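Residue-level structural notes
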Amino acid sequence: MNFFDKVFEQRSRQLAQRSSRRGLLKGLGALLVGGASIPLLPVARAAGNESPGRPLEEGDPSSCDYWRYCAIDGFLCDCCGGSANTCPPGTEMSPVTWIGTCHNPADGRNYVISYNDCCGKSSCGACLCMRDEGDRPVYRPDKTNDINWCLGTSSASYHCSTAIVVGVAFDD
Amino acid sequence: MARLILLPIFFWSALALGTVDDSGRVVFDYQMNCQGCHTPDGAGAGSVPAMKGHVGVFLQSQEGREYLVRVPGSATSALSDERLAAVLNWIMYEFAGDSLQSPFIPYTASEVAPLREKPLNEVDAYRERLLRAIAGADARE
(Lines give C-alpha, C1' and ligand atoms only; values in the text may rest on other atoms or scores of the structure.)
Protein backbone atom coordinates (compact mmCIF):
# COMPACT_ATOMS: atom_id res chain seq x y z
CA MET A 1 0.00 0.00 0.00
CA ASN A 2 2.75 2.31 0.98
CA PHE A 3 4.40 1.80 -2.39
CA PHE A 4 1.22 2.76 -4.30
CA ASP A 5 0.74 5.79 -2.08
CA LYS A 6 4.25 6.96 -2.90
CA VAL A 7 3.90 6.42 -6.64
CA PHE A 8 0.58 8.25 -6.82
CA GLU A 9 1.83 11.08 -4.65
CA GLN A 10 4.92 11.48 -6.83
CA ARG A 11 2.89 11.41 -10.04
CA SER A 12 0.32 13.91 -8.83
CA ARG A 13 3.02 16.27 -7.56
CA GLN A 14 4.84 16.01 -10.91
CA LEU A 15 1.59 16.67 -12.76
CA ALA A 16 0.84 19.66 -10.57
CA GLN A 17 4.31 21.09 -11.09
CA ARG A 18 4.47 20.61 -14.83
CA SER A 19 0.97 21.55 -15.92
CA SER A 20 -0.85 24.80 -15.47
CA ARG A 21 -4.51 25.14 -14.54
CA ARG A 22 -5.33 26.58 -17.96
CA GLY A 23 -3.26 24.01 -19.79
CA LEU A 24 -6.30 21.98 -20.75
CA LEU A 25 -8.02 25.01 -22.29
CA LYS A 26 -4.87 25.86 -24.18
CA GLY A 27 -4.49 22.37 -25.56
CA LEU A 28 -8.14 22.11 -26.48
CA GLY A 29 -8.05 25.53 -28.15
CA ALA A 30 -4.98 24.64 -30.17
CA LEU A 31 -6.61 21.39 -31.26
CA LEU A 32 -9.83 23.10 -32.37
CA VAL A 33 -8.16 25.97 -34.19
CA GLY A 34 -5.52 23.71 -35.69
CA GLY A 35 -8.19 21.25 -36.81
CA ALA A 36 -10.24 24.01 -38.41
CA SER A 37 -7.25 25.28 -40.36
CA ILE A 38 -6.41 21.91 -41.92
CA PRO A 39 -8.68 22.55 -44.94
CA LEU A 40 -6.69 25.72 -45.60
CA LEU A 41 -3.51 23.79 -46.23
CA PRO A 42 -2.44 23.63 -49.87
CA VAL A 43 -2.65 19.84 -49.75
CA ALA A 44 -6.40 20.03 -50.14
CA ARG A 45 -6.12 21.95 -53.38
CA ALA A 46 -3.58 19.59 -54.87
CA ALA A 47 -6.39 17.23 -55.82
CA GLY A 48 -5.87 18.42 -59.42
CA ASN A 49 -8.24 17.05 -62.00
CA GLU A 50 -10.87 16.16 -59.42
CA SER A 51 -11.68 19.83 -58.73
CA PRO A 52 -14.80 21.15 -60.49
CA GLY A 53 -13.09 24.08 -62.22
CA ARG A 54 -10.34 22.12 -63.90
CA PRO A 55 -10.86 20.04 -67.00
CA LEU A 56 -9.54 16.54 -67.58
CA GLU A 57 -6.94 16.96 -70.28
CA GLU A 58 -6.39 14.74 -73.25
CA GLY A 59 -5.38 15.44 -76.84
CA ASP A 60 -2.56 17.30 -78.53
CA PRO A 61 -2.46 21.09 -78.03
CA SER A 62 -0.51 21.46 -81.28
CA SER A 63 -3.32 19.85 -83.27
CA CYS A 64 -6.33 21.78 -84.54
CA ASP A 65 -8.57 18.96 -83.24
CA TYR A 66 -7.66 19.73 -79.62
CA TRP A 67 -10.91 20.34 -77.71
CA ARG A 68 -10.13 23.89 -76.55
CA TYR A 69 -9.76 25.14 -80.13
CA CYS A 70 -13.45 24.67 -81.02
CA ALA A 71 -13.93 28.38 -81.73
CA ILE A 72 -10.44 29.45 -82.71
CA ASP A 73 -9.53 31.36 -85.87
CA GLY A 74 -5.79 31.80 -86.23
CA PHE A 75 -2.35 30.29 -85.68
CA LEU A 76 -1.85 27.99 -82.68
CA CYS A 77 0.69 29.44 -80.23
CA ASP A 78 1.65 25.86 -79.32
CA CYS A 79 3.28 25.60 -82.78
CA CYS A 80 4.91 29.04 -82.51
CA GLY A 81 7.09 28.70 -79.43
CA GLY A 82 4.37 29.21 -76.85
CA SER A 83 1.63 26.90 -75.61
CA ALA A 84 -2.16 26.73 -75.45
CA ASN A 85 -1.87 28.93 -72.33
CA THR A 86 1.17 31.09 -72.96
CA CYS A 87 2.55 33.44 -75.60
CA PRO A 88 5.83 32.82 -77.44
CA PRO A 89 8.80 34.88 -76.23
CA GLY A 90 8.86 38.38 -77.67
CA THR A 91 5.09 38.71 -77.92
CA GLU A 92 2.57 40.30 -75.60
CA MET A 93 -0.72 38.69 -74.58
CA SER A 94 -3.75 40.83 -75.29
CA PRO A 95 -5.85 41.38 -72.16
CA VAL A 96 -8.88 42.01 -74.37
CA THR A 97 -10.08 38.73 -75.82
CA TRP A 98 -12.97 36.95 -77.34
CA ILE A 99 -14.62 34.34 -75.20
CA GLY A 100 -16.55 31.21 -76.08
CA THR A 101 -17.36 27.77 -74.73
CA CYS A 102 -16.03 24.35 -75.78
CA HIS A 103 -17.11 20.83 -74.96
CA ASN A 104 -14.41 18.68 -73.39
CA PRO A 105 -14.96 15.07 -74.51
CA ALA A 106 -12.61 13.77 -71.79
CA ASP A 107 -14.95 14.73 -68.94
CA GLY A 108 -18.13 15.53 -70.85
CA ARG A 109 -18.38 19.12 -69.59
CA ASN A 110 -18.44 22.53 -71.24
CA TYR A 111 -15.82 25.12 -70.33
CA VAL A 112 -15.45 28.86 -70.88
CA ILE A 113 -12.43 29.48 -73.11
CA SER A 114 -10.64 32.80 -73.47
CA TYR A 115 -8.84 33.12 -76.82
CA ASN A 116 -6.14 35.60 -75.87
CA ASP A 117 -4.14 36.67 -78.91
CA CYS A 118 -0.38 37.10 -78.74
CA CYS A 119 0.71 40.34 -80.35
CA GLY A 120 3.79 42.32 -81.25
CA LYS A 121 5.28 40.15 -84.02
CA SER A 122 4.13 39.41 -87.54
CA SER A 123 1.88 36.37 -88.17
CA CYS A 124 3.39 33.09 -86.96
CA GLY A 125 2.22 31.20 -90.05
CA ALA A 126 2.30 27.72 -88.44
CA CYS A 127 -0.72 25.53 -87.62
CA LEU A 128 -3.51 27.66 -89.04
CA CYS A 129 -6.70 26.50 -87.35
CA MET A 130 -10.17 27.80 -88.21
CA ARG A 131 -12.96 25.95 -86.45
CA ASP A 132 -15.11 28.99 -85.69
CA GLU A 133 -17.84 27.19 -83.71
CA GLY A 134 -20.15 29.79 -82.15
CA ASP A 135 -18.64 32.58 -84.21
CA ARG A 136 -21.16 35.37 -84.86
CA PRO A 137 -21.27 38.09 -87.54
CA VAL A 138 -19.42 41.33 -86.83
CA TYR A 139 -22.60 43.10 -85.72
CA ARG A 140 -22.06 41.12 -82.50
CA PRO A 141 -18.53 42.44 -82.01
CA ASP A 142 -18.02 40.65 -78.69
CA LYS A 143 -18.85 37.30 -80.27
CA THR A 144 -16.98 37.51 -83.55
CA ASN A 145 -13.48 36.25 -84.14
CA ASP A 146 -13.04 37.94 -87.49
CA ILE A 147 -11.63 41.10 -85.96
CA ASN A 148 -8.11 41.62 -84.74
CA TRP A 149 -8.23 41.04 -80.98
CA CYS A 150 -4.83 42.65 -80.41
CA LEU A 151 -6.54 45.39 -78.43
CA GLY A 152 -5.03 46.80 -75.31
CA THR A 153 -1.51 45.76 -76.32
CA SER A 154 1.28 48.09 -77.34
CA SER A 155 1.36 46.58 -80.82
CA ALA A 156 -1.65 45.61 -82.92
CA SER A 157 0.17 43.07 -85.10
CA TYR A 158 -1.24 39.58 -84.62
CA HIS A 159 1.11 36.62 -84.07
CA CYS A 160 -0.89 33.62 -82.74
CA SER A 161 -3.78 32.60 -80.46
CA THR A 162 -3.95 30.85 -77.10
CA ALA A 163 -6.97 29.03 -75.67
CA ILE A 164 -7.16 29.43 -71.90
CA VAL A 165 -9.75 27.72 -69.71
CA VAL A 166 -11.26 30.41 -67.48
CA GLY A 167 -14.27 28.61 -65.99
CA VAL A 168 -17.03 26.07 -66.23
CA ALA A 169 -19.94 26.84 -68.55
CA PHE A 170 -23.59 26.68 -67.50
CA ASP A 171 -26.22 25.17 -69.75
CA ASP A 172 -28.82 27.63 -70.94
CA MET B 1 -18.32 28.39 -22.71
CA ALA B 2 -17.48 25.50 -24.96
CA ARG B 3 -20.37 26.45 -27.22
CA LEU B 4 -19.15 30.00 -27.43
CA ILE B 5 -15.76 28.76 -28.61
CA LEU B 6 -17.13 26.13 -30.97
CA LEU B 7 -19.60 28.34 -32.80
CA PRO B 8 -17.13 30.70 -34.54
CA ILE B 9 -14.85 27.77 -35.27
CA PHE B 10 -17.72 25.96 -36.93
CA PHE B 11 -18.49 28.95 -39.14
CA TRP B 12 -14.86 29.45 -39.93
CA SER B 13 -14.35 25.88 -41.03
CA ALA B 14 -17.50 26.14 -43.16
CA LEU B 15 -15.92 29.17 -44.83
CA ALA B 16 -12.58 27.44 -45.18
CA LEU B 17 -14.17 24.44 -46.86
CA GLY B 18 -16.20 26.80 -49.06
CA THR B 19 -17.23 24.21 -51.61
CA VAL B 20 -20.72 25.64 -52.18
CA ASP B 21 -20.55 28.43 -54.75
CA ASP B 22 -23.86 29.93 -55.87
CA SER B 23 -22.13 32.82 -57.63
CA GLY B 24 -21.21 30.42 -60.46
CA ARG B 25 -24.00 31.48 -62.81
CA VAL B 26 -23.40 35.20 -62.45
CA VAL B 27 -19.65 34.74 -62.94
CA PHE B 28 -20.38 32.74 -66.09
CA ASP B 29 -22.67 35.50 -67.37
CA TYR B 30 -19.95 38.09 -66.71
CA GLN B 31 -17.37 35.93 -68.47
CA MET B 32 -19.51 35.35 -71.54
CA ASN B 33 -20.87 38.88 -71.93
CA CYS B 34 -18.41 41.32 -70.38
CA GLN B 35 -15.03 39.81 -69.55
CA GLY B 36 -13.72 39.74 -73.12
CA CYS B 37 -13.28 43.52 -73.07
CA HIS B 38 -13.56 44.43 -69.39
CA THR B 39 -10.94 41.77 -68.42
CA PRO B 40 -11.28 39.22 -65.60
CA ASP B 41 -10.71 41.70 -62.77
CA GLY B 42 -12.57 44.67 -64.29
CA ALA B 43 -9.35 46.65 -64.72
CA GLY B 44 -9.98 47.23 -68.44
CA ALA B 45 -7.28 47.76 -71.04
CA GLY B 46 -6.53 50.33 -73.72
CA SER B 47 -9.72 52.18 -74.59
CA VAL B 48 -11.82 49.96 -72.28
CA PRO B 49 -12.40 52.04 -69.13
CA ALA B 50 -11.51 50.53 -65.75
CA MET B 51 -14.49 49.44 -63.66
CA LYS B 52 -12.25 48.27 -60.83
CA GLY B 53 -12.22 50.92 -58.12
CA HIS B 54 -14.29 53.33 -60.28
CA VAL B 55 -17.65 51.87 -61.27
CA GLY B 56 -19.31 52.89 -57.97
CA VAL B 57 -18.91 56.58 -58.88
CA PHE B 58 -21.86 56.30 -61.29
CA LEU B 59 -24.22 55.50 -58.43
CA GLN B 60 -23.80 59.01 -57.05
CA SER B 61 -26.47 60.24 -59.45
CA GLN B 62 -29.70 58.68 -60.67
CA GLU B 63 -28.62 59.36 -64.27
CA GLY B 64 -25.38 57.54 -63.57
CA ARG B 65 -27.18 54.57 -62.07
CA GLU B 66 -29.31 54.40 -65.23
CA TYR B 67 -26.26 54.82 -67.44
CA LEU B 68 -24.84 51.47 -66.30
CA VAL B 69 -28.00 49.77 -67.61
CA ARG B 70 -28.39 51.88 -70.79
CA VAL B 71 -24.78 51.48 -71.94
CA PRO B 72 -24.97 49.23 -75.04
CA GLY B 73 -22.95 46.37 -73.50
CA SER B 74 -25.63 46.06 -70.81
CA ALA B 75 -28.79 47.12 -72.63
CA THR B 76 -28.33 45.06 -75.79
CA SER B 77 -26.71 42.02 -74.17
CA ALA B 78 -28.34 38.64 -74.68
CA LEU B 79 -29.03 38.39 -70.92
CA SER B 80 -32.54 38.38 -69.45
CA ASP B 81 -33.52 41.28 -67.16
CA GLU B 82 -32.98 39.13 -64.05
CA ARG B 83 -29.55 37.98 -65.14
CA LEU B 84 -28.49 41.46 -66.27
CA ALA B 85 -29.49 42.86 -62.85
CA ALA B 86 -27.53 40.05 -61.18
CA VAL B 87 -24.41 40.77 -63.26
CA LEU B 88 -24.61 44.52 -62.52
CA ASN B 89 -24.93 43.80 -58.80
CA TRP B 90 -22.04 41.36 -58.94
CA ILE B 91 -19.89 43.97 -60.73
CA MET B 92 -20.65 46.47 -57.94
CA TYR B 93 -19.80 44.03 -55.17
CA GLU B 94 -16.66 42.76 -56.91
CA PHE B 95 -15.19 45.87 -58.52
CA ALA B 96 -16.59 49.06 -56.98
CA GLY B 97 -14.41 48.97 -53.85
CA ASP B 98 -13.92 52.41 -52.33
CA SER B 99 -15.64 54.16 -55.24
CA LEU B 100 -18.95 53.17 -53.64
CA GLN B 101 -19.79 56.04 -51.30
CA SER B 102 -23.22 55.19 -49.97
CA PRO B 103 -24.83 51.79 -49.28
CA PHE B 104 -25.58 50.08 -52.56
CA ILE B 105 -29.22 49.36 -53.39
CA PRO B 106 -29.10 46.36 -55.74
CA TYR B 107 -30.58 46.54 -59.23
CA THR B 108 -33.72 44.51 -59.83
CA ALA B 109 -35.19 43.05 -63.00
CA SER B 110 -38.12 45.48 -62.90
CA GLU B 111 -35.75 48.46 -62.61
CA VAL B 112 -33.54 47.23 -65.44
CA ALA B 113 -36.31 46.30 -67.92
CA PRO B 114 -37.59 49.77 -68.91
CA LEU B 115 -34.09 51.31 -68.84
CA ARG B 116 -32.57 48.88 -71.31
CA GLU B 117 -35.27 49.75 -73.80
CA LYS B 118 -33.55 53.14 -74.14
CA PRO B 119 -29.98 52.15 -75.01
CA LEU B 120 -27.49 54.98 -75.46
CA ASN B 121 -26.38 55.71 -79.00
CA GLU B 122 -23.47 57.99 -78.30
CA VAL B 123 -21.72 56.75 -75.19
CA ASP B 124 -18.39 58.57 -74.94
CA ALA B 125 -19.66 62.17 -74.78
CA TYR B 126 -22.61 61.17 -72.58
CA ARG B 127 -20.31 59.42 -70.14
CA GLU B 128 -17.93 62.35 -70.00
CA ARG B 129 -20.74 64.83 -69.31
CA LEU B 130 -22.15 62.52 -66.64
CA LEU B 131 -18.83 62.16 -64.83
CA ARG B 132 -18.23 65.92 -65.00
CA ALA B 133 -21.64 66.54 -63.42
CA ILE B 134 -20.89 64.04 -60.64
CA ALA B 135 -17.45 65.56 -60.01
CA GLY B 136 -19.04 69.04 -59.95
CA ALA B 137 -21.64 67.94 -57.41
CA ASP B 138 -18.82 66.45 -55.33
CA ALA B 139 -16.87 69.71 -55.40
CA ARG B 140 -19.89 71.75 -54.26
CA GLU B 141 -20.44 69.57 -51.18
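Residues numbered from 1 in each chain as written. Chains lettered and ligands numbered in written order. Predicted model: local features only at pLDDT ≥ 70, side-chain atom pairs only at ≥ 80, totals over all residues.

Of regular secondary structure, chain A possesses two helices and eight strands. Along chain A, from the amino end to the carboxyl end, the secondary structure elements read α-α-β-β-β-β-β-β-β-β. Computed over its C-alpha atoms, the radius of gyration of chain A comes to 29 Å, more than 25% above the 16 Å expected for a compact globule of 172 residues. Expressed as a percentage of its 172 residues, the buried residues of chain A come to 30%. The long-range fraction of contacts in chain A, counting pairs at least 24 apart against all pairs at least 6 apart in sequence, stands at 74%. (Helix = DSSP H or I, 4+ residues; strand = E, 2+ residues; numbered from the N terminus. Rg over C-alpha atoms; globule rule 2.2 N^0.38 Å. Buried ≥ 20, exposed ≤ 12 C-beta atoms within 10 Å, placed from the backbone. Contact = placed C-beta atoms within 7 Å.)

Once that is clear, we can look at the sheet that holds strand 8 (residues 164–168) of chain A. Two modes of strand pairing occur in sheets, parallel and antiparallel, and in both the strands are linked by backbone hydrogen bonds. Spatially, 3-4-8 (chain A) is the arrangement adopted by the three strands of the open sheet, whose pairing is antiparallel. Each of the sheet's edge strands pairs with one partner strand only, and the pair in question is strand 3 (98–104) and strand 8 of chain A. Within this sheet the neighbouring strands show an average axis-to-axis angle of 40 degrees, counted without direction. Across seven bridges, strand 3 of chain A lies against strand 4 (residues 109–115) of chain A in antiparallel orientation. Looking at the pairing, Cys102 of chain A lines up with Tyr111 of chain A of strand 4 of chain A. Of the strands in this sheet, strand 3, strand 4 and strand 8 of chain A touch helix 2 (residues 24–38) of chain B, which is tilted by about 135 degrees from strand 3 of chain A. (Pairing = 2+ DSSP bridges. Axes fitted to C-alpha atoms, helices over the stretch in contact; angles between N-to-C directions.)

Turning our eyes to something else, we now look at unusual backbone geometry. With glycine set apart, most residues show a phi of negative sign, and most peptide bonds adopt trans. Here the phi dihedral of Cys127 of chain A falls at roughly 50 degrees; this positive angle occurs in a residue that is not glycine. Turning to its location among the elements, Cys127 of chain A is positioned in the loop between strand 5 (117–119) and strand 6 (128–130). Using a count of 18 C-beta atoms within 10 Å as the deciding quantity, one classes Cys127 of chain A as partly exposed. For Thr39 of chain B, which is not glycine, the phi dihedral falls at a positive 65 degrees. Note that Thr39 of chain B resides in the loop between helix 2 and helix 3 (62–70).

All names here are of chain A. One open sheet accounts for three strands, arranged 2-5-7; its pairing is antiparallel. Lying at the two open borders of the sheet, with one neighbouring strand each, are strand 2 (92–93) and strand 7 (158–161). Bridge count between strand 5 and strand 7: three bridges; the pairing is antiparallel. Counterpart to Cys119 in the pairing with strand 7 is Tyr158.

Turning next to the packing of helix 2 of chain B against helix 5 (residues 81–96) of chain B. Residues and elements named next belong to chain B. Interhelical geometry of helix 2 versus helix 5 gives an angle of 95 degrees and a closest axis separation of 9 Å. On the basis of their axis angle, the class for helix 2 and helix 5 is roughly perpendicular. Contact residues: helix 2 offers Val26, Asp29, Tyr30 and Cys34, while helix 5 offers Arg83, Ala86, Val87 and Trp90. Looking at side-chain class alone, the contact of helix 2 with helix 5 contains six nonpolar, no polar and two charged residues. (Parallel < 35°, antiparallel > 145°, perpendicular 65-115°, else oblique. Nonpolar A, V, L, I, M, F, W, Y, C, P; charged D, E, K, R; others polar.)

Take helix 1 (residues 2–18) of chain A next. Between its terminal C-alpha atoms helix 1 of chain A stretches 24 Å, which fits the 24 Å expected from 17 residues at 1.5 Å a residue. When you tally the buried positions in helix 1 of chain A, you get zero out of 17 residues, a small fraction of the element. (Expected span 1.5 Å × (residues − 1).)

For the rest of this paragraph, the subject is the nonpolar core. With 56 residues, the main nonpolar core has Cys77, Ile113 and Cys160 of chain A together with Val55, Val87, Leu88 and Ile91 of chain B as its most contacted residues. For this core, the secondary structure elements donating two or more residues are strand 3, strand 4, strand 5 and strand 7 of chain A together with helix 2, helix 3 and helix 5 of chain B. Looking at this core, the element that brings in the most residues is helix 5 of chain B, giving nine residues. Not counting residues within four places of it along the chain, the set of residues in contact with Cys77 of chain A comprises Gly82, Ser83, Ala84, Cys87, Pro88, Cys118, Cys160, Ser161 and Thr162 of chain A. (Core = buried A, V, L, I, M, F, W, Y, C linked by C-beta atoms within 7 Å.)

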